[in-house]
Amino acid sequence: TVLEGISFSGTNVLYLFPNFDSATQRIGEFDLETIRRISELPFVEGAFPQVKVGNEARTLTGQSEANAMGVYPRYFQVYRITLSEGRMFDDRDIQEHANVCLLGGDIALKLFGASSPIGKKLRFGSGLYEVIGVVRPPKRPIHIGRPVEIYIPLPTLLRQEEKLVISSAEVWVKQGYAGEPNEQVLEAAAGDPSKKVLFQIHD
């Protein structure tokens, strides 16, 4: 039963963190280009920066402490997150840094009651967002930290909350891949094989 549960949640998930190189006195740094290089590896199903922030969410009808995460549309596909109403992010939302968000069902109820939140405004942290969708819980378990209640396009969240940084990344290796992905992921993250010491991987 334990092995079945692990297989479902993904034995193929790697967690990438910055590492300190004592020889150069440098520490690895994540940016969107780092994530792009990793996601383009042929055996990678998806690469997701871990950008989460807790703050108060406020609407005209309610308020609640909430946990938000900056994501790309691919995140919903890999975690098999589906809608109960509304729509998902699309590439245009990402490119235009649209001030939109998706809510989990529980936080939607706290903030908007029984009425539909679609098209309504929500203030979270430094940003004012339009709710475009309500999602069901992920069909693949989320591994790290408290549950995500608000999903915001990653470029939008990084722009709105200037002090946020990408502290780590989650890398999904395609099911059935028989190779050893760690070294290639480290090299892609660093952009240079000689600098892969600036990152470390946990599985």
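Presented here is a report on the structure given in the accompanying data block. Each chain carries its own residue numbering, running from 1 in the direction its sequence is written. Reporting of local features is limited, given that this is a predicted model, to residues whose pLDDT is at least 70; pairs of side-chain atoms are given and counted only at 80 or more, and all residues count toward the totals for whole chains, interfaces and linings. Side-chain metrics rest on all non-hydrogen atoms present in the structure, leaving aside hydrogens and water.

**Concerning the overall build of the protein**
Strands here are runs of E lasting at least two residues and helices are runs of H or I lasting at least four, both read from the DSSP assignment and numbered beginning at the N terminus. Along the protein, the regular secondary structure elements total 7 helices and 13 strands. Its C-alpha atoms give the protein a radius of gyration of 18 Å, within 12% of the compact-globule value 17 Å for 203 residues. Looking at the 203 residues of the protein, the share that counts as buried comes to 45%. Two residues form a contact once any of their heavy atoms are found within 4.5 Å. For the protein, the share of sequence-separated contacts (at least 6 apart) that also reach a separation of at least 24 residues comes to 74%. Per-residue and other accessible areas were derived by the Shrake-Rupley procedure at a 1.4 Å probe size, with only the shown protein chains allowed to occlude residues. For the protein, the exposed area adds up to about 10500 Å²; of that, 51% sits on carbon and sulfur atoms. Asp and Glu count as negative and Lys and Arg as positive, but His and the ends of the chain are not part of the count. Charge positions come from single atoms, namely NZ of Lys, CZ of Arg, CG of Asp or CD of Glu. Within the protein, the 25 negative side-chain charges are centred at a point lying 5 Å from the centre of the 22 positive side-chain charges. Atoms counted for the radius of gyration: C-alpha only. Globule rule: 2.2 Å times the number of residues to the power 0.38. A 1.4 Å probe rolled over the protein chains alone gives each residue an accessible area, and that area as a share of the maximum for its type sets the label: buried under 20%, exposed over 50%, partly exposed in between.

**Observations concerning the pattern of salt bridges**
Throughout this description, the term salt bridge denotes a Lys or Arg side-chain nitrogen within 4 Å of a carboxyl oxygen of Asp or Glu. According to the stated counting rule, one finds 8 salt bridges in the structure shown. One salt bridge in this structure joins Arg-87 and Asp-93, with 2.8 Å as the shortest N-O distance. Connected through shared salt-bridge partners, Glu-33, Arg-36 and Glu-40 make up one network.

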